[in-house]
Amino acid sequence: MIILITGPSHVGKTNLAQKLMEKYHYPYLSIDHLKMCLIRSGNTDLTPLSSDEALTVFLWPIVREMIKTAIENGQNLIVEGCYIPFDWKKDFAADYLVHIRYLCLVFSKDYIEKNFLKIQTCANVIERRMDDSGLNKAELMEENEKNLIQCRLYDCPHILIHDRYDLDAIKEM
């Protein structure tokens, strides 16, 4: 089983991946870790500040082939990160798709409005972010709204976090 977890920044992708890893004992790949390894090793001219679109174009082919290899080898894997395109299904034949579960986490505007300080506070629950002072409520709302629109456009499974944030409420993937 391959579990893909995506969504905008600060929505809890890494936290969910960690919980699923602990529950199922599946290894997980952070696409952010892959990004930083490729940047630090000099294998790309992209930077951590490159656009998400540019990073997705660069990273997705690598991640996609890693997913295919895991499926071919009968291995389980959790993959989390914001660099999974919404049209990801087009890259897999039907016999691969039966092994993949996808989930996009999205905050509602109302949730961000009511819980922005909590979102900032929880930013380091798993990762140690270097500097998160640039987190902007309006940009976070816009990014989450874009993700919700794309999920609906591509019929991608998603969880809209509106009233309360409870990843434990996510049942079986």
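See the structure above.
Asks: Would you explain the pairing of strand 3 (residues 77-80) in this entry?
Replies: The side chains of a regular strand alternate, residue by residue, between the two faces of the sheet. Residues Leu77 and Val79 line one face of strand 3 and the alternating positions Ile78 and Glu80 line the opposite face, and both faces are buried. Alignment of strand 1 (residues 2-6) against strand 3, held across 4 bridges, turns out to be parallel. Directly across from Ile2, in strand 3, lies its bridge partner Leu77. As paired elements, strand 2 (residues 28-30) and strand 3 share 3 bridges and run parallel to each other.

Asks: What is the right way to read the packing of aromatic side chains from this model?
Replies: Any pair of aromatic rings gets described here by the distance separating the centres and the angle formed by the planes. Summed over all chains, the structure comprises 6 aromatic pairs. Their ring planes at 75 degrees and their centres at 6.2 Å tell us that Trp60 and Phe92 sit as a pair that is edge-to-face. Of this pair, Trp60 sits in helix 3 (residues 52-72) while Phe92 sits in the loop between strand 3 and helix 4 (94-97); the two residues are 32 residues apart in sequence, bridging distant segments of the chain. Both residues of the pair, Trp60 and Phe92, belong to the buried class.

Asks: In this structure, what is going on with the nonpolar core? I would like to understand it.
Replies: Nonpolar side chains in soluble globular proteins generally cluster together in the buried interior. In this structure, Ile2, Leu4, Ile67, Val79, Trp88, Ile100 and Tyr102 are the most contacted members of the largest nonpolar core, which totals 29 residues. When contributions to this core are tallied by element, the ones reaching two or more residues are strand 1, helix 2 (31-40), helix 3, strand 3, strand 4 (100-107) and helix 6 (137-153). Looking at this core, the element that brings in the most residues is helix 3, giving 7 residues. Setting aside residues up to four positions removed in sequence, Ile67 forms contacts with Ile2, Leu4, Trp60, Val79, Phe92 and Ile100.

Asks: Mind showing me how you'd approach the side chain of His10 here?
Replies: Considering the arrangement of structural elements, one finds His10 in the loop between strand 1 and helix 1 (13-24). Given a relative accessible area of 11%, His10 falls into the buried group. Separated by 2.6 Å, the side chains of His10 and Ser9 make a polar contact.

Asks: I would appreciate a short explanation of unusual backbone geometry in the present structure.
Replies: Trans is the common state for peptide bonds, and a negative phi is the common state for residues other than glycine. The backbone of His10 sits at a positive phi, close to 75 degrees, despite the residue not being glycine. For His25, which is not glycine, the phi torsion reads 65 degrees and is therefore positive. As for its position among the elements, His25 is in the loop between helix 1 and strand 2.

About the thresholds
- Positions within a chain are numbered from 1, following the residues in the order the chain's sequence is written.
- The model is predicted, so local features are restricted to residues of pLDDT at least 70 and side-chain atom pairs to those at 80 or more, both for listing and for counting; the totals for chains, interfaces and linings are taken over all residues.
- To get the side-chain values, take all heavy atoms of the structure and skip hydrogens and water.
- Only protein chains enter the calculation, and the probe is 1.4 Å; a residue is then buried if its accessible area is under 20% of its type maximum, exposed if over 50%, and partly exposed in between.
- Runs of H or I in DSSP of at least four residues are treated as helices and runs of E of at least two as strands, each being numbered from the N terminus.
- Only when DSSP finds a minimum of two bridges between them are two strands counted as paired.
- Two rings belonging to Phe, Tyr or Trp (six-membered ring only in the last case) form a pair when the distance between their centres is within 6.5 Å. Interplanar angles under 30 degrees mark stacking, angles over 60 mark edge-to-face geometry, and anything in between is tilted.
- Nine residue types can take part in a nonpolar core, namely buried Ala, Val, Leu, Ile, Met, Phe, Trp, Tyr and Cys, and a core is a set of them joined through side-chain atoms within 4.5 Å.
- The criterion used for residue contact is that any of the two residues' heavy atoms lie within 4.5 Å.
- For this analysis, a polar contact is any N or O atom pair within 3.5 Å, provided that within protein one partner can donate a hydrogen and the other can accept it, and provided that sequence-adjacent residues contribute only side-chain to side-chain pairs.

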